[in-house]
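Structural description and commentary
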Amino acid sequence: MIQPFSLAIHGGAGTLVKGQMTFEKETAYKKALELALDEGFALLKEGASAVDAVEKSVALLENSPLFNAGKGSVFTAHGTHEMDAAIMNGKTLDAGAVSLIHGIKNPIALARDVMEKSDHIFLAGEGAMEFAKSLKYSLEDASYFYDEFRYQQWQEIKGTDSFQLDHSVKKESKFGTVGAVACDQHGNLAAATSTGGMTNKRFGRVGDSPMIGVGNYANNKTCAVSCTGSGEFFIKGVVAYDVSCLMEYKGLSVSDAASEVINKRLLEIGGDGGLIAVDIHGNIATPFNTEGMYRGSRTSYGERKIFIYGE
Ligand code: ASP
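Summarised in this report is the structure supplied together with it. (Residues numbered from 1 in each chain as written. Predicted model: local features only at pLDDT ≥ 70, side-chain atom pairs only at ≥ 80, totals over all residues. Heavy atoms only, no water.)

This brings us to the overall build of the protein chain. Regarding its fold elements, the protein chain presents nine helices and twelve strands. At 17 Å, the protein chain has a C-alpha radius of gyration in line with the 19 Å of a compact globule built from 311 residues. Taken along the three principal axes of its C-alpha coordinates, the protein chain extends 55 × 45 × 35 Å. Residues counted as buried form 59% of the 311 residues belonging to the protein chain. (Helix = DSSP H or I, 4+ residues; strand = E, 2+ residues; numbered from the N terminus. Rg over C-alpha atoms; globule rule 2.2 N^0.38 Å. Buried < 20%, exposed > 50% of the residue type's maximum accessible area, 1.4 Å probe, protein only.)

Rendered as C-alpha cells:
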C-alpha cells in the first residue's frame, strides 16, 4: 500500500527583516524555494527514495546564489569559501558528511558519496577533497562562488575578530543554510543539510549543519530533521537528535517535539533559529524562533506551502 509522502525544505532562518524585504526579492526567494520543493516532490511522486528527494532539493538550493550554501556560500576570513553538508537515511541510519570543503558545486552530492561509497561517515578538509578527487569531482573556480553582496558582507567585518551568522535579527540579516526532509511512499525518512557557515569564520570553524544528530538527523523510528540557526547553540543543544528523543522516549508528536526544542530548550540556552522535521506519517513541523525562515512543504494530501515569515 502506498503510504502518505511529503517533503519540506528550508533556505535558512536568516531572512531579511520584514522592512527590508522588497517585492522583487521576495519573489526571487519564493521562486527558488518553489523549484527545489517541486522537483524534490516530483521524485517522491514517482516513487523515488526520500534520500533521492532530499538530495535533489538541496542541490537545487545550493545552485541558487540566494542561499548560504554551494554557489551562495559566504566568505571566510581568508576570502575563501568553506562548505559543510550532511545527509542521512532514516531506514538504515547510514549517514555521510563533509566539512571545510571548497570548489565543489554540490557539497550534498559529496556527502552522499561519503555515505554510499566510503566506509566512513564524516570526512573533513583536505581529506574530503582527496576523496572527491578520487571520484573525479571537478572543481569550480572562485568566480563561480563570487557574489557581490556576499563580498560586501565580508568587507564590513574583514580583518576584525567578529563573524556573522546569517540569522541575526538585529543585523540586516542575509541568507541561510539550506535543508530538506522527506518521507517517501515506502515509509522511509531522510534529511539533508548544506551550508557555507558564517561570514568571516576562522580557525576551521565547523557549525552544526554537517554534524549528525545536531543539524541533521533521520531515523525511521521517529523523524527526519534539518536545522538552521546559531550553530554553536545547536551543537550545545544536540538539537536534531533532541527532537527525535522527545518523540522516541516521551511519545511527543513531531510538531510538539520540534516546538519544544526550538521555542523552549534552544531559547533557554540563548540559541536562535529553526528547523524542519517530518515523521513517518508525512506530518511536517517547521518551527523557528527568528523573525522568519525561508521554507516550503508539500504533501501527498495536496497541501503546498511556501512561506518566509509567519503563516
Ligand atoms: N547553522 C549554520 C552554522 O552555524 C548557519 C545557518 O543556519 O545559517 O553554520
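Once that is clear, we can look at the side chain of D184. Its place among the elements puts D184 in the loop between β5 (178-183) and β6 (189-195). No salt bridge is formed by the buried D184; its nearest oppositely charged neighbour, K91, is found at 8.1 Å. With residues near it in sequence (within four places) discarded, D184 still touches Q3, P4, F5, L44, A48, S49 and A50. (Lys, Arg positive; Asp, Glu negative; His and termini not counted. Salt bridge = Lys/Arg side-chain N within 4 Å of Asp/Glu carboxyl O. Contact = heavy atoms within 4.5 Å.)

The next point concerns the environment of D94. Note on placement: D94 falls in the loop between β2 (83-89) and β3 (95-101). By relative accessible area, D94 is classed as partly exposed at 40%. Between the C-alpha atom of D94 and that of N219, which follows or precedes it by 125 residues, the distance is 9.6 Å. With near-sequence residues (within four places) excluded, D94 lies in contact with I87, M88, N89 and M115.

Attention shifts here to unusual backbone geometry. Positioned with a positive phi, L100 is a non-glycine residue whose angle comes to about 55 degrees. Looking at the element boundaries, L100 is found in strand β3. What makes L100 buried here is its relative accessible area of 18%. A positive phi angle is found at K136, which is not glycine, with a value near 65 degrees. For K136, a relative accessible area of 73% corresponds to the exposed category.

This part is about helix α6 (residues 148-155). For α6, the set of buried residues is R150, Q153 and W154. Burial along α6 is one-sided: seen end-on, the buried residues are contained in an arc of 95 degrees. (Arc of directions from axis to C-beta.)

Turning our eyes to something else, we now look at the sheet that holds strand β9 (residues 273-279). Where strands meet in a sheet, backbone hydrogen bonds hold them as pairs that are either parallel or antiparallel. The sheet built from four strands is open, its strands ordered β7-β8-β9-β10 with antiparallel pairing. In this open sheet, the two edge strands, each paired with only one partner strand, are β7 (216-218) and β10 (284-285). Relative to strand β8 (residues 223-229), β7 runs antiparallel, the two being bridged by three bridges. Bridged to A218 within β8 is A224. (Pairing = 2+ DSSP bridges.)

Right, let's talk about the packing of helix α3 (residues 107-117) against helix α4 (residues 125-134) for a bit. It is at 11 Å that the axes of α3 and α4 come closest, and there the two elements cross at 80 degrees. For the element pair α3 / α4, the angle class is roughly perpendicular. Residues L110, D113, V114 and K117 of α3 form the contact with α4, whose participating residues are A128, F131 and A132. (Axes fitted to C-alpha atoms, helices over the stretch in contact; angles between N-to-C directions. Parallel < 35°, antiparallel > 145°, perpendicular 65-115°, else oblique.)

With respect to the helices and strands, the residue Q152 is situated in helix α6. According to the relative accessible area criterion, Q152 is partly exposed, its value standing at 36%. Each C-alpha atom of the pair Q152 and I308 lies 24 Å from the other, and the pair is 156 residues apart in sequence.

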